[in-house]
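Read off the chains here:
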Amino acid sequence: MFKVNENYLKLPGSYLFSTIGKKVAAFSEANPDKSIIRLGIGDVTQPLVPAIIDSLHKAVDEMAHAETFHGYAPDLGYEFLRSAMAKNDYQARGCDIAADEVFISDGAKCDSGNIQEIFSIDNKIAVCDPVYPVYVDTNVMAGRTGVYDPTKETWSDVIYMPCTKATNFAPELPKETPDIIYLCFPNNPTGSTITKAQLQEWVDYANKVGAVIIYDAAYEAYISEDDVPHTIYECEGARTCAIELRSFSKNAGFTGVRLGATIIPKDVKCGDVTLHSLWARRHGTKYNGAPYIVQRAGEAVYSEEGKAQLKAQIAYYMNNAKVISQGLKDAGYTVSGGVNAPYIWLKTPDNMTSWEFFDYLLENANVVGTPGSGFGPSGEGYFRLTAFGSYENTVAAIERIKKM
Ligand code: PLP
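Just so it is clear, the model here is predicted, and its values are computed rather than measured.

Visitor: Can you break down the overall build of the protein chain residue by residue, with the values?
Guide: Per the secondary structure count, the protein chain includes 13 helices and 17 strands. Here the C-alpha atoms of the protein chain give a radius of gyration of 21 Å, agreeing with the 22 Å that 2.2 N^0.38 yields for 404 residues. For the protein chain, buried positions account for 53% of its 404 residues. When contacts within the protein chain are restricted to residue pairs at least 6 apart in sequence, those whose partners lie at least 24 apart make up 73%. Accessible surface, the protein chain as shown: approximately 17,800 Å² in total, 52% of it carbon and sulfur. Here the protein chain holds 37 positive side-chain charges and 49 negative ones, and the gap between their average locations is 2 Å.

Visitor: Provide a residue-level description of the layout of surface pockets, including the pertinent values.
Guide: Counted as a void, the second largest pocket has a volume near 620 Å³. As for the second largest pocket, its lining consists of 23 residues, of which Arg93, Glu220, Ala221, Lys311 and Ile314 are closest to the centre. At the level of secondary structure, the elements contributing two or more residues to the lining of the second largest pocket comprise α4 (79-90), β9 (242-247) and α11 (304-330). If you tally residues by element for the lining of the second largest pocket, the top one is α11, at 7 residues. Of the residues that constitute the lining of the second largest pocket, the class distribution is 11 nonpolar, 6 polar and 6 charged.

Visitor: Help me get a handle on unusual backbone geometry, residues and values and all.
Guide: Look at the link from Phe185 to Pro186: it is a cis peptide, with omega at -10 degrees. Here Pro186 shows up in the loop between β7 (180-184) and α7 (196-209). Following Asn188, the chain continues into Pro189 via a peptide bond in cis, with omega recorded as 15 degrees. Within the element layout of this structure, Pro189 appears in the loop between β7 and α7. A positive phi angle is found at Glu153, which is not glycine, with a value near 60 degrees. Assignment of secondary structure puts Glu153 in the loop between β4 (148-149) and β5 (154-155).

Visitor: Tell me about a nonpolar patch on the surface, and name the residues and values.
Guide: On the surface, Met1, Phe2, Val4, Tyr8 and Leu9 cluster together into a nonpolar patch covering about 680 Å² of accessible area. By secondary structure assignment, the location of Met1 is in the segment before α1 (7-10).

Visitor: Kindly report on the packing of aromatic side chains, identifying the contributing residues and their values.
Guide: According to the stated counting rule, one finds 22 aromatic pairs in the structure shown. Here Tyr333 and Phe357 contribute two aromatic rings whose centre-to-centre distance is 6.1 Å and whose plane-to-plane angle is 65 degrees, an arrangement assigned as edge-to-face. Of this pair, Tyr333 sits in the loop between α11 and β13 (335-337) while Phe357 is found in helix α12 (residues 354-365), placing the two residues 24 residues apart along the sequence. With a relative accessible area of 2%, Phe357 lands in the buried category. An aromatic cluster is built from Tyr219, Tyr222, Tyr316, Tyr317, Tyr343 and Phe388, whose rings are joined through pairwise contacts. Positioned above the aromatic ring of Phe80, the side-chain terminus of Arg296 is 3.7 Å from the ring centre. Between Lys347 and the ring centre of Tyr382, over which it is positioned, the NZ or CZ distance is 4.9 Å.

Visitor: An account of the pattern of salt bridges is requested, with residue identities and associated values reported.
Guide: This structure, assessed with the given rule, holds 14 salt bridges. A salt bridge links Glu117 to Arg282, with the nearest nitrogen and oxygen atoms 3.3 Å apart. Note that Glu117 is positioned in the loop between α5 (108-114) and β3 (125-129) and Arg282 in helix α9 (residues 275-286), a separation of 165 residues in sequence. On the basis of relative accessible area, Glu117 is assigned to the partly exposed category, the value being 34%. Residue classification places Arg282 among the buried positions, given a relative accessible area of 12%. Several salt bridges share partner residues, and in doing so they unite Asp89, Arg93, Glu220, Glu244 and Arg246 into one network.

Conventions adopted
Residues numbered from 1 in each chain as written. Predicted model: local features only at pLDDT ≥ 70, side-chain atom pairs only at ≥ 80, totals over all residues. Heavy atoms only, no water. Helix = DSSP H or I, 4+ residues; strand = E, 2+ residues; numbered from the N terminus. Rg over C-alpha atoms; globule rule 2.2 N^0.38 Å. Buried < 20%, exposed > 50% of the residue type's maximum accessible area, 1.4 Å probe, protein only. Contact = heavy atoms within 4.5 Å. Areas by Shrake-Rupley, 256 points an atom, 1.4 Å probe, with all protein chains shown as cover. Lys, Arg positive; Asp, Glu negative; His and termini not counted. Charge placed at Lys NZ, Arg CZ, Asp CG, Glu CD. 1 Å grid on protein atoms, 1.4 Å probe; cavity = no way out; pocket = protein on both sides within 12 Å on 5 of 7 lines; lining within 4 Å. Points joined across faces, edges and corners; volume = space filled by probe spheres on them. Nonpolar A, V, L, I, M, F, W, Y, C, P; charged D, E, K, R; others polar. Patch = residues over 30% accessible without salt bridge, like charges linked within 9 Å, V, L, I, M, F, W, Y side chains within 5 Å. Salt bridge = Lys/Arg side-chain N within 4 Å of Asp/Glu carboxyl O. Phe/Tyr/Trp six-rings, centres within 6.5 Å; stacked < 30°, edge-to-face > 60°. Lys NZ or Arg CZ within 6 Å of the ring centre and 35° of its normal.

And the structure:
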């Protein structure tokens, strides 16, 4: 008889967004006349910009002729996209990243989940609390996290780094030494960022203790303040300790198109072994490349028209963020985030738990958000709203919340 991977059975409860989905579906069924506004999950709502659509059309037409047809993409990505990313995202910022250190993929969720498999099972991970759930859950599936404590909602072999109001929602260096450190800035869910000087401390720490940092930069495009780093490679020494994850989902609306990248400098080594070689091997064995037409669409993100159009799209979402932040403040809520990130993190009122506030908001304003506790124990008592809705819905949601 076959046996299943028992690590999967250790995963507690259902995934956060499926619980939300069920609650919203039940409410909708019981209240068919109510119009629900969703400011919960982090999906975008605005269409792909014209420069990207043009590039997609052109690539589709190429696929219609034998001379310009493209079959399997190179495992690691087309040169044109790897070069565009290296040049625009890194070299233009003075960071030493070469095109062959960019691995193209179908998104940061897969990469952030898959990257752990090139590390030994006895490595210890450190994560922020609250945190994007994929980092922990994929390590649970791999059997790296020990025993789950349902009361504390923590794993025995995971180092948690609380990100609370006291630290401006930034993690502090852990007391216990980790092997793999997951950082994500601008942060999902709190919308917080850290300065370049703070990130430099993490890079110095990782190099000192021999840890690797997995730096999730999925929300880089939302940074508006000067002292916030756009990539970890702005920090000195990051080439020897950091992997960076990039996504086209939030900067260019590719959530349904699917494109991302992982950057692994050739200097991140364990003895003589480069992580670059292991990830190349993993990609070559398990992945057949992101589609040609999608990579051409990704290339358009870096064209002059693409850049200008996307700047306007980000500004649209960040205007929503402002509407949410200001509206909530006017209504007496304590809020953070929303300045360099499309996420607004609010303290639940009257000592309500995150889920109590979820129900309260759904029932009284018919607005859906995300309970902070779903991202980790330190998220309890907080709630996440996203700026990814339409302007009209965002304004309507805030008006309803103000009236609550
Ligand atoms: N990383 C973080 C922190 C995210 O919040 C998300 C999506 O919400 C992702 C990665 C996933 O990105 P992608 O759509 O590229 O898979």
